[in-house]
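# An overview of the molecular structure
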Amino acid sequence: MSKRQFKAESKKLLDLMVNSIYTNKEIFLRELISNASDALDKLYYESLTNRKLKVDKKKLEIKLDVDKEKRLLTIEDNGIGMDKDELAENLGTIAKSGSLAFKEALEKKDKVNIIGQFGVGFYSSFMVADKVTVESKKAGEEKAYKWTSSGADGYDITDCEKEACGTKITLHVKENTKDENYDKYLEEFSIMSLVKKYSDYVTYPITIFNYDEEKKEKRKSDPINSMVPLWKKNKNKIKEEDYDNFYQEKFYDYTKPLRIIHTKVEGLVSYDALMFIPSNPPYDFYTKEYKKGLELYSNGVLIMERCEDLLPDYLNFVKGVVDSPDLSLNISREMLQQDRQLKVIAKNIEKKIIKELTDMLENEREKYEGFFKTFGVNIKYGVYDNYGAKKDELKDLVIFYSSKEKKMVTLKEYVSRMKDDDTIYYACGETVDKIDMMPQVESLKEKQKEVLYLTDYVDEFVLKMLDKYEDKKFVNISSNDFDLSSEEEKETLKKKNENAKDMFDFMKKELGNEVSQIRFTNKLKKHPLCLTSEGNITVEMQKVINAMPTDEHIDAKLVLEINEDHPIAKKIEDLYKTDKETLKKYTKILYDEARLIEGLPVENPTELSNLVCEFLSK
Ligand code: ADP
């Protein structure tokens, strides 16, 4: 009989396991025990709604056994089990969360180091075994099946005898090599210490059969694991390392969490929550498949793997578990959404996370800035989502680059430095460096004003949503109504512009009315020109909205401003009197230059280049 073949990707992963040079091979046990524990969870959960399944929770267990002579290590559970199709599907394909995360990481990082930090699942058994058999009987069914494989050349599934439901995995442990001691996986003692190390929080008893010298027979040990889930343990008794291990294993991250939030709440609604803010975006964070949510337990029993209602959208990066004895176990998904207690928990959790972030901002600034680099967009989204429903809670968590401090600052910090002014100034651009060179910014800096540099496309929407901060209004210094000059200066400028009206009309026409105004300005110091906007739509917003993959298209009302003090001002006035044809060309160059400064495309770069060269060669 020819063997069934693994799916292509499985084969790749399997090859990697079989030929693994990774030293931390011991994690295979953690993987198999974790699968067994999941299978027990599933059976118990299933039994709550399926009356045909009679399950005594106290009898659910994971048993280990070794046979040194035959070099066998077995891991057995009395959980949900698998039928024939499931054996083929689950063990023949790599489509599972952990393995997928692993595959993604493989593409990015070096192969040797990540294996041990990952939930690579069932296939990791091939790191220590040259043959693996899986005997399984699905709960509620009559027949049992046996899956056998010696690695990448395929697998067989045959009928077998098995009394109780559940799964028994037998590893044929490899022979020692000169670099690797496999015998230790056949020693009760080392197996027990591995269980302690990796699987202590598993909620079902894990036992091992020990040889009793006196009675000359094997006896089941007491549970090796302490069985209390990590989140139910006393905080003082938990080492940071325990949290890190738990997080990395459970949420398939190969980096440590940035922040751990462990909280116990007792009151009207009681719950334990253990949450993590990742250091990096989850591996599938930017894919359509990514879904937010926390694992939901009732008294240590899993109700839902991903309860979306526990987290607001903007906190979708938070990982963790919530365990509440107040939730009924056999509650349906639909009912859960209506559940009052769940709503209370969700609200508390959101508050708690905001509090923790605030604490990080105040006490671990550098860490917070790191967080903000990765997840700042989420916080900003939280500010303007739902018409700003959460803006008051979140406004102090947003940070922007400051011209004065040359680092990220909060709005509160900005306001605390203000001197009799009612305005918070900001400028938008692609990068801090580019904004720093903007003519308007330079002139404000000369006036000792602090300017916030908005480099993220959502930043301006955030400020518009906030509208004000402590009664201080926000002003985009690229908008044309921004003006810091004195009454007298304003008057002089106004006159000058009135006198030049005909010339500017002439120039506007030459630009096909692409700009709504051209005028002289006095706010540019040594720079010759700039492009601003009038009205509600700024140049930045135009860029953002027009770059979206929708049909939406907006145009800011552009204003070309020319420095009245710059020699170019006099030059165009002369040309208007003496050489209108040349003025037309000048107008094109000036406008294109202004667009380039603002980061907007020029319509015809070749024409611009030709014009500039024409004048350069004169
Ligand atoms: P993962 O655990 O990330 O889903 P694995 O490769 O470890 O990936 O396992 C694949 C699937 O095989 C599991 O999702 C589960 O459906 C099934 N499975 C593995 N071990 C067991 C077991 N002991 N009992 C029942 N099903 C199991």
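Residues numbered from 1 in each chain as written. Predicted model: local features only at pLDDT ≥ 70, side-chain atom pairs only at ≥ 80, totals over all residues. Heavy atoms only, no water.

### Overview of the packing of helix 20 (residues 580-597) against helix 21 (residues 605-616)
Applied cut-off: Lines fitted to the C-alpha atoms define the axes, with helices restricted to the stretch that makes contact. Angles between their N-to-C directions range from 0 to 180 degrees. Here a helix means four or more residues in a row that DSSP labels H or I, a strand means two or more in a row labelled E, and each is numbered from the N terminus. Throughout, the term roughly parallel applies to angles under 35 degrees, roughly antiparallel to angles over 145, roughly perpendicular to angles from 65 to 115, and oblique to all others. Here is the rule for handedness: rotate from the far helix to the near one, and if that takes an anticlockwise turn smaller than a right angle the crossing is left-handed, while a clockwise turn gives right-handed. Contacts are residue-level and defined by heavy atoms, with any inter-residue pair within 4.5 Å sufficient.
The geometry of helix 20 relative to helix 21 is characterised by a closest axis approach of 10 Å and an angle of 120° between their N-to-C directions. Our classification of the angle between helix 20 and helix 21 gives oblique. Seen along the crossing, helix 20 lies across helix 21 with a hand that is left-handed. Between helix 20 and helix 21, the residues in contact are T582, K585, Y586, K588, I589, D592 and L596 and E607, L608, L611, V612, E614 and F615, respectively.

### Considering the sheet that holds strand 1 (residues 62-67)
Spelled out, the test is: Strands were regarded as paired on the criterion that DSSP finds at least two bridges between them.
Overall, mixed pairing links the 8 strands, which are arranged 5-4-3-6-2-1-7-8 in an open sheet. What marks the edges here is a single partner per strand, and that holds for strand 5 (155-160) and strand 8 (217-220). Neighbour-to-neighbour, the strand axes of this sheet turn through a mean angle of 20°, independent of strand direction. Of the strand pairs in this sheet, strand 2 (residues 72-77) and strand 6 (residues 166-173) are connected by 6 bridges, and their pairing is antiparallel. Bridge pairing links L72 to H172 in strand 6. Docked against the sheet, helix 3 (residues 84-92) engages strand 3 (129-137), strand 4 (144-149) and strand 5, running at close to 155° with respect to strand 5. Sitting on the sheet, helix 6 (residues 188-199) is in contact with strand 1, strand 2 and strand 7 (206-212), with an inclination near 165° to strand 7.

### Considerations on the pattern of salt bridges
Counted only if it meets this: When a carboxyl oxygen of Asp or Glu lies within 4 Å of a side-chain nitrogen of Lys or Arg, that pair is called a salt bridge. The buried label applies to any residue whose accessible area, calculated with a 1.4 Å probe on protein chains only, is under 20% of its type's maximum; exposed applies above 50%, and partly exposed to all values in between.
Within this structure, the stated rule accounts for 44 salt bridges. The shortest N-O distance in the salt bridge between D56 and K59 comes to 4.0 Å. Judged by relative accessible area, D56 falls into the partly exposed class, the value being 38%. When the shortest N-O distance is used, the salt bridge between E430 and K434 registers 3.1 Å. Here E430 falls in the partly exposed class, since its relative accessible area comes to 44%.

### Examining the pairing of strand 10 (residues 271-277)
Counting buried positions along strand 10 yields 7 of 7 residues, so the element is predominantly enclosed. Taking every second residue as pointing to the same face, both faces of strand 10 are buried, with Y271, A273, M275 and I277 on one and D272, L274 and F276 on the other. The sheet contact formed by strand 9 (residues 259-265) and strand 10 spans 7 bridges and is antiparallel. Within the sheet, the bridge partner assigned to K264 lies in strand 10 and is D272. Here strand 10 pairs with strand 13 (residues 319-323) via 5 bridges, running antiparallel. Bridged to A273 within strand 13 is V322.

### Comments concerning the environment of N210
Position of N210 relative to the elements: it lies in strand 7. Using a relative accessible area of 24% as the deciding quantity, one classes N210 as partly exposed. Taking the C-alpha atoms as reference, N210 lies 9.6 Å from L64; in sequence the two are 146 residues apart.

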